[in-house]
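# Architecture and fold: a report
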Amino acid sequence: MSAAPTTRPTTQERTDMTTTTATRPTGPSRPARLRAAAGAEARLLVRNRTAVFNSVLMPLLLVAAVPALGIGGGEVGLGPTLLTAAVVISLVYLTYYNLVTTYVARREDLVLQRMRTGELSDGEVLAATAVPTLLVTVGQLVVVTAGVVALGEWSAPVQPLLVVVGVLAGLVLMVLLAIASTGFTRTAESAQITTLPIVLVSSALSGMFFPLSTLPEWLSGIARFLPVTPVVDLLHLGFSGTTWEGEPIGDVSVWTWAVFPAGVLVAWIVVAAVLARRGFRWAPRR
Amino acid sequence: MQTTAAAPSTAVPAIEVTDLRRSYGDFEAVRGIPFEVRPGEVFALLGVNGAGKTSALEVLEGLAAPGGGSVRIHGADPVRDRTAVRSRMGMLLQSSGLPGDLTVAETVRSWAGTLSAPRDADEAIAQVGLTGRADVRVRSLSGGERRRLDLALAVLGRPDVVVLDEPTTGLDPESRRQVWRLVQDMVDGGAAVVLTTHHLEEAEELADRVAILKAGRIVLSGTQEEIAETQPAVVRFTLDAGTPQPPVPTAVQVVSTGPRYEWHTRALQPVLAELLAWAAEHGVVLRYLQATAASLEQAFLAVAEGRVGEAA
């Protein structure tokens, strides 16, 4: 948090300020003021025990349960499976779910509306609220990666760029979906229900917990168009150069295989951005 | 009051509102209101609940776009030129939230970090009387303390345009005086202030000019004296049984007669002189004699009850 200047302006400065805009000090840079607002939000996160448990312990426990559940392994290997699981769990349970509840709680407490009364832009208000959650998400991924290395299960991704793109695009999508979901979420408690389509359905059918090829064809066809699936696809392709079916493919065609999930992901980002713009409210419904 | 009322009338208005309109669906909450506020001036918007005060302020604050007309803050549009406007504008919403898990000091410091020219945080906390509560979490503050913290945040950026929506609602008398002093300090520093209030004494204490709103329109506006003058003065007295009826002066509207008389008049002094002369001449005692000049409150009630402005 940046320290506030401690001196009062002199009478002369005061007069200048009332007459022209040009003499106003330029103030903190955008990153600095975002840091100030996000810092307050981070304090709030740390002081909220439920949020700490949900965002720090839960995802790690879930990831730790992955080998016990006998998921993955085999062709793909334990390391990439754990990392993919960490990405899906962090994006869905942490980024998405935590942001829906946080935005809705701040809206219903009239905090968002008050944050809009200052110099922060609307985008900065939304970003400041999201930053701590995004940092915890990234932290989770770092912890799991370190764990995988410690277990001796680390293998370098075949195509690192796809992994990075999958994670970043997934983050963007989850933030947008969270903002969109606040439109039909009245209270922080009701978020437990309104987030189920993503938290339960889309993540279950993402190909992370079981291969989509084990599903009836019509269902796996639908599953490929759900929002979390393309993230898993891109991670599989990036880590091990295998398709969602687990079939190895040549390095040359990895990019060709990536076109479809990347397209689905971009389409979802566009849809989520439109829904976010339409559905988001700054204040509770009167 | 008398000193700030002398704000130079030639000064460029800090706030200019022209034919402002705002609707919710079919309901027109604000129906074309104009006003201007100059630097060093306090303008109070009065009106019963639902008169359109908050709806109008939200447009000034740049939180809503006008349905029609325009608002200019130092010549700039509060929505389109938000960045420029906000660096010199402070606002207090009618109801607004503060995260409960931050302390008073943390709340003020983090807000200061987002502002161009923040005041010193400790000084700002002291000014609203919260120094002893600086390390207390907002959750544990009383309603009045929270409102004062809210106000400290509203003026933390040294604004020269200040919009306060019911700043003292729910405050105890001592806190209210503290808020008044703070507003007066800012006005003395050259700020233009718009406020809404339910407390007429607050408007009387602070406002240089007042507008009374009803159903989205300004029914009366001007200085307190000008508004009060729209209403008659009141003379009340009681006569014992058997006393002769006093002659009614020409400038009087009789509201009630014996034994409890109430006269309304726009010529208080001559009417009173006539009445007293009559009483002296006939040796009549005017019990409970009361002469009240017209007041802002009287005008406010007249508007609320529909006795003024129906023709508008």
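Residues numbered from 1 in each chain as written. Chains lettered and ligands numbered in written order. Predicted model: local features only at pLDDT ≥ 70, side-chain atom pairs only at ≥ 80, totals over all residues. Heavy atoms only, no water.

If you look chain A up in an unreviewed UniProt entry, it shows as ABC transporter permease from Klenkia terrae. We quote the UniProt Subcellular location (unreviewed entry) comment for chain A here in full: "Membrane". (UniProt positions renumbered as here; feature names shortened; annotations may be inferred.)

Another aspect to go through is the nonpolar core. Counting residues in each nonpolar core, the largest one holds 61 residues, and the members touching the most others are V87, Y96, L177, I179 and L235 of chain A. Among the elements that make up this core, the one with the highest residue count is helix α4 (residues 78–108) of chain A (15 residues). Not counting the four nearest positions on each side in its chain, L235 of chain A is found in contact with T84, V87, V163, V167 and S240 of chain A. Within the second largest apolar cluster, 53 residues are counted, among which are L98, L182, L200 and L296 of chain B. (Core = buried A, V, L, I, M, F, W, Y, C linked by side-chain atoms within 4.5 Å. Buried < 20%, exposed > 50% of the residue type's maximum accessible area, 1.4 Å probe, protein only. Helix = DSSP H or I, 4+ residues; strand = E, 2+ residues; numbered from the N terminus. Contact = heavy atoms within 4.5 Å.)

A few words now on the environment of E202 of chain B. All names here are of chain B. Its place among the elements puts E202 in helix α7 (residues 200–206). Separated by 22 residues in the primary sequence, E202 and W180 place their C-alpha atoms 8.1 Å from one another. Of note is the side chain of E202, whose polar atom sits 3.2 Å from the side chain of T197. (Polar contact = N/O pair within 3.5 Å; in protein donor to acceptor, adjacent residues only side chain to side chain.)

This part takes up the sheet that holds strand β1 (residues 15–24) of chain B. Residue and element names in this part refer to chain B. Spatially, β2-β1-β4 is the arrangement adopted by the three strands of the open sheet, whose pairing is antiparallel. Lying at the two open borders of the sheet, with one neighbouring strand each, are β2 (27–37) and β4 (68–73). If you compare each strand with its neighbour and ignore which way they point, the axes differ by 25° on average. Examined bridge by bridge, β1 and β4 share five bridges and lie antiparallel to one another. Across the sheet, E16 pairs through a bridge with R72, a residue of β4. With respect to the sheet, helix α1 (residues 53–60) is in contact with β1, β2 and β4, its orientation differing from that of β1 by roughly 120°. (Pairing = 2+ DSSP bridges. Axes fitted to C-alpha atoms, helices over the stretch in contact; angles between N-to-C directions.)

A few words on the pattern of salt bridges. All names here are of chain B. Under the criterion given, the structure shown has 26 salt bridges over all chains. In this structure, the salt-bridge partner of E58 is R22, at a minimum N-O distance of 2.7 Å. Of the two residues, E58 sits in helix α1 while R22 sits in strand β1, which places them 36 residues apart along the sequence. Of the two residues examined, E58 and R22, each falls in the buried class. (Salt bridge = Lys/Arg side-chain N within 4 Å of Asp/Glu carboxyl O.)

Glancing now at the UniProt feature "transmembrane region" (unreviewed entry) in chain A. All names here are of chain A. UniProt records the feature "transmembrane region" (unreviewed entry) at residues 51–70, 82–105, 125–149, 161–181, 193–212 and 254–276, using the numbering of this structure. Note that residues 82–105 is 100% helix and 0% strand, and that its end C-alpha atoms are spaced 32 Å apart. Counting secondary structure, residues 193–212 comes out at 55% helix and 0% strand; the distance between its end C-alpha atoms is 25 Å.

Time to look at helix α3 (residues 49–68) of chain A. Residue and element names in this part refer to chain A. Helix length check: α3 (20 residues) gives 27 Å between terminal C-alpha atoms against 28 Å at 1.5 Å per residue, within 8%. The principal kink in α3, of about 35°, is found at L57, preceding the proline P59 by one to four residues. When we look at burial in α3, the residues that qualify are A51, S55, P59, V63 and V66. Of the surrounding secondary structure, the elements contacted by the buried residues of α3 are α2 (30–47), α4 and α6 (122–150). Of the residues flanking the start of α3, the one acting as N-cap is N48, its side-chain oxygen 3.2 Å from the backbone nitrogen of T50. (Expected span 1.5 Å × (residues − 1). Bend = angle between axes of the 7 residues up to and from the residue.)

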